[in-house]
Amino acid sequence: ITVQARAYEEGAAYRICLQGDGQVSVIGEECGFHVPEEAKNIYGMKLIVSYEDHYHPIPFEDLYQNRYVFPMLCELGGGSWALYAEAAVFGDYGGSNLLSDKQTPRMLMTVKSPDQWDAIRGELPLSTPWRVILAGSLADIVEGNVLENLNPPSIVEDPSFIKPGRCAWSWMSEHGSGADPKRQRDYVDYAAAMGFEYSVDDGGWPGNVDIPELVKYAEEKGVKIWVWEHSGRMRDPKEAEEKMKLWSGWGVVGLKIDFFESDCKERIAQFTMLAELAAKYRLMITLAPTDMPPKNIT
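Residues numbered from 1 in each chain as written. Predicted model: local features only at pLDDT ≥ 70, side-chain atom pairs only at ≥ 80, totals over all residues. Heavy atoms only, no water.

1. Remarks on the sheet that holds strand β10 (residues 96–99)
Within the open sheet, the 4 strands sit side by side as β4-β11-β10-β7. Their pairing is antiparallel. Unpaired on one side and paired on the other, β4 (32–34) and β7 (68–69) mark the two borders of the sheet. The pairing of β10 with strand β11 (residues 107–112) spans 4 bridges and is classified as antiparallel. Looking at β11, one finds that L99 is bridged to M109. (Pairing = 2+ DSSP bridges. Helix = DSSP H or I, 4+ residues; strand = E, 2+ residues; numbered from the N terminus.)

Okay, structure coming up:
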């Protein structure tokens, strides 16, 4: 076992590396972050599979009563803060959460996803994600690039297709609009009028909306189209690639993949697979957890 560490002006990081060859099973970690006694406030999000919640102040006496997601923010006083985070999270190990106990509530241990029922099994050599503490002012934390530097270089040689922008989203106010071709054109018109770069056709479009026709209509307005898909229908790499190749051929520029609901090893591996395929077909992608899957998905 090797512990690797890095130090930066804005913080520090470590990870545990298991050396050798062959198979390995990781039952758990005995590592974590200690919230200093002088800390004034701590802010975090309780674990819910959708990750759709706000960051709330957490009374220190309540720390041990809940499991929390990364990152977690701690106010140290005097204008100084600490952010507990993880980086280089991939499908060979999976994501982690933070959990303490009543005896040592300020010791936030890194624990595997609660739906990672068995041990984390993989091939040696195997490393945990980087466990990171960023420290300084809030500006230091927000403006720093430590988390970026802890991740491997991008595999995208030509990132010119990745263009951030604003997007009209009809599902937000009209859940059934994804299946309505007219409403989708209405939202394209709205995006054009607002100067938005994109419009997304969310759940309900398959079999109802002619996406190539919508792409053509949107192009005339100076708007690009994103489409939605359920993650359960994108778990097989062959099926996922066939869909991305098809959608890219239609002129779609981005995908919203929904309902992951997990930090387990298998789901994080799916993130990587989808990102690599999206890069291959020059599609932007957003991975949305969400927590209300359709009845036909298991």
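There is more to say after this.
2. Details of helix α3 (residues 181–194)
Taking 1.5 Å of rise per residue, 14 residues should cover 20 Å, and α3 covers 20 Å from first to last C-alpha, within 8% of that figure. Within α3, the full set of buried residues consists of Q184, Y187, V188 and A191. Buried residues in α3, looked at end-on, bunch into an arc of 105°, giving them a common side. Buried residues along α3 sit against β15 (167–169), β16 (198–201), α4 (211–220) and β17 (224–230). Residue D180 occupies the N-cap position of α3, its side-chain oxygen lying 3.0 Å from the main-chain nitrogen of K182. A positive backbone phi angle near 80° is found at G195, which sits one or two residues after α3. (Expected span 1.5 Å × (residues − 1). Buried < 20%, exposed > 50% of the residue type's maximum accessible area, 1.4 Å probe, protein only. Arc of directions from axis to C-beta. Contact = heavy atoms within 4.5 Å. Polar contact = N/O pair within 3.5 Å; in protein donor to acceptor, adjacent residues only side chain to side chain.)

3. Quick word on the nonpolar core
The nonpolar side chains of a soluble globular protein tend to be buried, and buried together. In terms of nonpolar packing, the biggest core is built from 31 residues, with I211, V227, M244, V252, L255 and L274 touching the most fellow members. At the level of secondary structure, the elements contributing two or more residues to this core comprise α3, α4, β17, α5 (237–250), β18 (254–258) and α6 (265–280). The element contributing the most residues to this core is α4, with 5 residues. (Core = buried A, V, L, I, M, F, W, Y, C linked by side-chain atoms within 4.5 Å.)

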